[in-house]
Amino acid sequence: MAIRVFLLLPVFLSSAIVSFSLYEDQAGLADWHQRYIGKVKHAVFHTQKTGRKRVIVSTEENVVASLDLRHGEIFWRHVLGTKDAIDGVGIALGKYVITLSSEGSTLRAWNLPDGQMVWETALHSAHHSKSLLSVPINLKVDKDYPITVFGGGYLHAVSALDGEVLWEKDFTAEGFEVQRVLQPLGSTVIYVLGFVNLSEAVVYQIDSKSGEVLAQKSMAFPGGFSGEISSVSSDKVVVLDSTKSILVTIGFLDGDISFQKTPISDLVEDSGNAEILSPLLSNMLAVKVNKRTVFVKVGGEGKLEVVDSLSDETAMSDSLAVADDQEAFASVHHEGSKIHLMVKLVNELDNVLLRETIEMDQHRGRVHKVFMNNYIRTDRSNGFRALIVMEDHSLLLLQQGAIVWSREEGLASVTDVTTAELPVEKDGVSVAKVEHTLFEWLKGHVLKLKGSLLLASPEDVVAIQELRVKSSGKNKLTRDHNGFRKLILALTRGGKLFALHTGDGRIVWSMLLKSQACERPNGISLYQWQVPHHHAMDKNPSVLVVGRCGSDSSAPGVLSFVDVYTGKEITSSDIGHSVVQVLPLPFTDSTEQRLHLIADTVGHVHLYPKTSEALSIFQREFQNIYWYTVEADDGIIRGHVMKSSCSGETADEYCFTTRELWTVVFPSESEKIISTLTRKSNEVVHTQAKVNTDQDLLYKYVSKNLLFVATVSPKGAGEIGSVTPEESSLVVYLIDTITGRILHRLSHQGCQGPVHAVFSENWVVYHYFNLRAHKYEVTVVEIYDQSRAENKNVWKLILGKHNLTAPITSYSRPEVFTKSQSYFFAQSVKTIAVTSTAKGITSKQLLIGTIGDQILALDKRFVDPRRTLNPSQAEKEEGIIPLTDSLPIIPQSYVTHSHRVEGLRGIVTAPSKLESTTHVFAYGVDLFYTRLAPSKTYDSLTDDFSYALLLITIVVLVAAIYITWALSEKKELSEKWR
């Protein structure tokens, strides 16, 4: 009996390793989540004596949020839809946040403290127009002051208490465009100013209580207006004429319209075209002329006078009341690594209320917007704080000569992502090492043992988590042997490149894209430029950032080469030609620089780097370089090949002409291209052969030249449900981009997009909507190579009698066959990705970004086209799942757990050095990172593995063996004495 007890004890202890676990102490060890709001475009301060001081903001990412003024943290936020852009923000009754969105058609009220929606009102909208929101400034919560809203050609008065539309007025007359809606303080008359065909000014006087038109007057202006306008008082506006050389003051006191023209040349010598800037100043406007900002004072009779001028790089705030009869505004100028902040009185520009100079990172660019707020100091004087928005979309609060807090809101608009390795840890250069004493080592393992046996207290759980984070070394700035520590390089819409650490998501470095040819180049894409191998470790890896001087595709391009380790720009160049497409080539020179081709709008391609070695490598492969272009609007896909060197005075030896090799034209009356996709160029395929259930070999058709194309009927290109099943059909193609051959075509009748797809190895999975079933569907297509049918015998493959060394060319017609299957899927999808590992051995998982902004991990076996209702025993042994009509959604399979990646736009995966593990990075308004092991961590021990428990188990086993041996010897001796 004693022997049995000793033998069962170690078995119980060893099973405890698997049976017991603590989930809460693992949170945040391998994943992180960062919340952002985006580039701020509206801001309203709420700094009453009672309650927390906050600022309400709306952003270009369609986010409305409440930020803590002390620390910049998010109190609450709401991310609206992609088509629900916010047009205005205000605070009503001192307790409601009012937002106007969707081009003036949706008005909402949010509870100021917690952000809960109070009411929502849909407003009548007839056509596109300016959206104007006017919220009365009052704090009387017991009296309703109507909110005035203009949008879609209609003027509405809406109750702030419940959102009821009190009245509406139609301004949809042809050619009439409302420019301003003004209501003098304390007056019940609303003035509506608009232009008819930009040549006639019209003013309506409307009763704010009933909506009745009290008066209407108009006056023609022969020169016409440009549309740029600034309100300087409750009865005056200043407009630029159509030539942008004359300022026109329009007065409408008591409804009488008057014009006062002032040429810009009378105000500024040698003036060119002018531009009215956005700040609202009392009886003053700011005009940009000759790269200077000119302050123009508006007199009582509309007379204009220049009172000051500043650099055009100065940003200004709206004016703010600081006393009973005085208003002030803030101006901010960024120069080098310093910010100059000034607050002046509007009527006395020589009277500077505040002048501060603040040190700041120079990699933020120029100041784009300024929002000012005042407060009363302890000495009863006026204090000022400024909320500024920088060129890189970052948000900073300035107060008392310092940056109180900053937020890197550029990360809410990531456009392209890649990964890079960290430097190798070297002796004397690595970060400080964590050294534990023997007591600390024993204490840590005792805590882990208590956690494994479910004996840990809440304090112990916290201590265990801190110990893991401290001892894991996940935040070191050097690479580890598992490849868990990497840099995530993210390029933003603001043209800034960020390097994020996978350990905790912190910003290691950042760099703003600059150019001599333009002020603000836009970031387009990001590419690996130089990745030195072990024989060239003395050189740091670098990336190529491609930008453009403007939003037009014909704008000149900008190239920037950035050191991955330091974040410093190695070099940059204004390439002098446009950038339509960037083609990374599979060739590198002796310094490991990857060759790239950049195609421009005139049909030429340009080779980079521009070196003689790169040119010689390129010329050797000149006839083997192909690529394609997609003209989605015209329904055309073209294949291209190299032709010859460029000719002309401006051409160099690195410029080449191309010729069209093939064209696929989709009939515009029946098909419209809505999605195209290819395989990742760096994807690793472990094996091309696949053993079927009948022991035959199937050879995957693995080609990097395969293009997935999805088309839909023109009527079905709209919103889901906008057409009947008979009017829409979805067709998908697999096209060889070398020859233009269509290898496979599959039609889905009664279906429409949007189509979200992922392409890996020899299979493609795509998501769409089935109009007949009123459900979303997911279809998988696998393509196999039939030309190797003679190599299906496994024994031939083992004995080396196969024919796998025969040359393969895309010009020979491939013999392929496909297998496909469709399944219902319960959710709408924003994006789809697939896991990637170092050797491609680990099972694949689909990463599905759902409409709820979460990421679902779905095993590839669920979308296996070989699934049947009753799989055979051989199919069960292979792991084929019985067929069902719908794909499962398992709550535990959400890799984002309880987090939501608001505004999810993309998912990027990258392999680690461990074959079992892959990096997953998701971006939208938020950022999320985690590590996944689709087939579990079969090649490593988990982070929470208890070595102490293993040691105790070994000791107990050794003791049990010794005791059983002693008992056996004693028993044997006693039997011999009988």
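Residues numbered from 1 in each chain as written. Predicted model: local features only at pLDDT ≥ 70, side-chain atom pairs only at ≥ 80, totals over all residues. Heavy atoms only, no water.

(A) Quick look at the overall build of the chain. When helices and strands are counted, the chain shows 8 helices and 64 strands. Counting across all 978 residues of the chain, residues that qualify as buried make up 50%. In the chain, the share of contacts with a sequence separation of at least 24, taken over all contacts with a separation of at least 6, comes to 51%. Of the roughly 46,400 Å² of accessible surface on the chain, a fraction of 52% belongs to carbon and sulfur atoms. (Helix = DSSP H or I, 4+ residues; strand = E, 2+ residues; numbered from the N terminus. Buried < 20%, exposed > 50% of the residue type's maximum accessible area, 1.4 Å probe, protein only. Contact = heavy atoms within 4.5 Å. Areas by Shrake-Rupley, 256 points an atom, 1.4 Å probe, with all protein chains shown as cover.)

(B) Structural view of the nonpolar core. Formed by 32 residues in total, the largest nonpolar core has its most connected members in V57, L387, F921 and L927. Beyond its immediate stretch of four places on either side in the chain, L387 contacts A43, F45, V55, V57, K369, V370, F371, L395, L396, L397 and W405. Core analysis: the next-biggest nonpolar cluster, separate from the first, contains 21 residues, A330, I339, M372 and A386 among them. (Core = buried A, V, L, I, M, F, W, Y, C linked by side-chain atoms within 4.5 Å.)

(C) Structural detail: a nonpolar patch on the surface. A grouping of L941, Y947, L950, I954 and V958 is seen on the molecular surface, where their side chains present a nonpolar patch of about 460 Å² in accessible area. For V958, the position within the fold is in helix α8 (residues 947-976). Exposure remark for V958: the relative accessible area of 52% places this residue in the exposed category. (Patch = residues over 30% accessible without salt bridge, like charges linked within 9 Å, V, L, I, M, F, W, Y side chains within 5 Å. Salt bridge = Lys/Arg side-chain N within 4 Å of Asp/Glu carboxyl O.)

(D) Inspection of the state of the cysteines at higher detail. In the structure shown here, the tally under the stated rule is 1 disulfide. Here C646 pairs with C655 through a disulfide, and the sulfurs are 2.0 Å apart. Across the S-S bond of C646 and C655 the torsion is about -65°, and the bridge reads as left-handed. Assessed through its relative accessible area of 12%, C646 is described here as buried. (Disulfide = S-S within 2.5 Å.)

(E) View of the environment of L123. Along the chain, the position of L123 falls in the loop between β9 (117-122) and β10 (132-134). Here L123 falls in the buried class, since its relative accessible area comes to 8%. If sequence neighbours within four positions are ignored, L123 has contacts with L100, G104, S105, L107, V149, H156, V158 and V165.

(F) Quick look at the environment of L595. Relative to the helices and strands, L595 is located in strand β44 (residues 594-599). Overall, L595 belongs to the buried group, its relative accessible area being 0%. Setting aside residues up to four positions removed in sequence, L595 forms contacts with L583, P584, L585, F587, T588, D589, L607, Y608, P609, A614, I617 and F618.

(G) Spatial organisation of the sheet that holds strand β25 (residues 304-311). The sheet built from 4 strands is open, its strands ordered β22-β23-β24-β25 with antiparallel pairing. Either end of the sheet is taken by a strand with one partner, and the two such strands are β22 (275-276) and β25. Pairing of strand β23 (residues 284-289) with strand β24 (residues 292-298) involves 6 bridges; the strand directions are antiparallel. Across the sheet, residue M284 finds its bridge partner in β24, namely K297. (Pairing = 2+ DSSP bridges.)

(H) Molecular detail of helix α5 (residues 612-620). Residues of α5 that are buried include every one of A614, L615, I617 and F618, and no others. One side of α5 carries all its buried residues, which in axial view fall inside an arc of 165°. Facing away from the buried side of α5, by more than 90 degrees, are the exposed residues S612 and R620. Buried positions along α5 lie against β43 (581-588), β44, β45 (604-608), β47 (636-645) and β48 (655-665). (Arc of directions from axis to C-beta.)

(I) Looking closely at the pairing of strand β56 (residues 763-770). Burial analysis of β56 places 8 of its 8 residues in the buried class, which makes it a mostly covered element. Direction of pairing for strand β55 (residues 751-760) relative to β56: antiparallel, over a ladder of 7 bridges. In the strand pairing of β56, V758 is matched with V765. Counted along the chain from β55 to the antiparallel partner β56, the turn is 2 residues long, and its residue E761 has a positive phi close to 50°. By the bridge criterion, 8 bridges tie β56 to strand β57 (residues 775-785) in an arrangement that is antiparallel. The residue of β57 that forms the bridge with H767 is V778. Connecting the antiparallel pair β56 and β57 is a turn made up of 4 residues, with H774 showing a positive phi of about 55°.

(J) Region of the structure containing the UniProt feature "transmembrane region" (unreviewed entry) in the chain. Following the UniProt record, one finds the feature "transmembrane region" (unreviewed entry) at residues 945-968. The span residues 945-968 is 92% helix and 0% strand, and its two end C-alpha atoms sit 35 Å from each other. (UniProt positions renumbered as here; feature names shortened; annotations may be inferred.)

(K) Looking closely at the pattern of salt bridges. What the rule picks out here adds up to 30 salt bridges. Across the salt bridge formed by E421 and K486, the nearest N and O atoms sit 2.6 Å from each other. Placement of E421 in strand β35 (residues 414-421) and of K486 in strand β36 (residues 486-492) is noted, with a sequence separation of 65 residues between them. Residue K486 is classed as buried on the basis of its relative accessible area of 8%. Between R506 and D504 there is a salt bridge, and its shortest N-O distance comes to 3.1 Å. Residue R506 is classed as partly exposed on the basis of its relative accessible area, which comes to 28%. Judged by its relative accessible area of 31%, D504 is partly exposed. Here the salt bridges do not stand alone but share partners, grouping R364, D392, E408 and K496 into one network.

(L) Spotlight on the pairing of strand β34 (residues 402-407). Examined bridge by bridge, strand β33 (residues 395-399) and β34 share 5 bridges and lie antiparallel to one another. Note on β34: the bridge partner recorded for L396 is S406. Counted between consecutive antiparallel strands, the loop separating β33 from β34 contains 2 residues, among which Q400 sits at a positive phi close to 55°.

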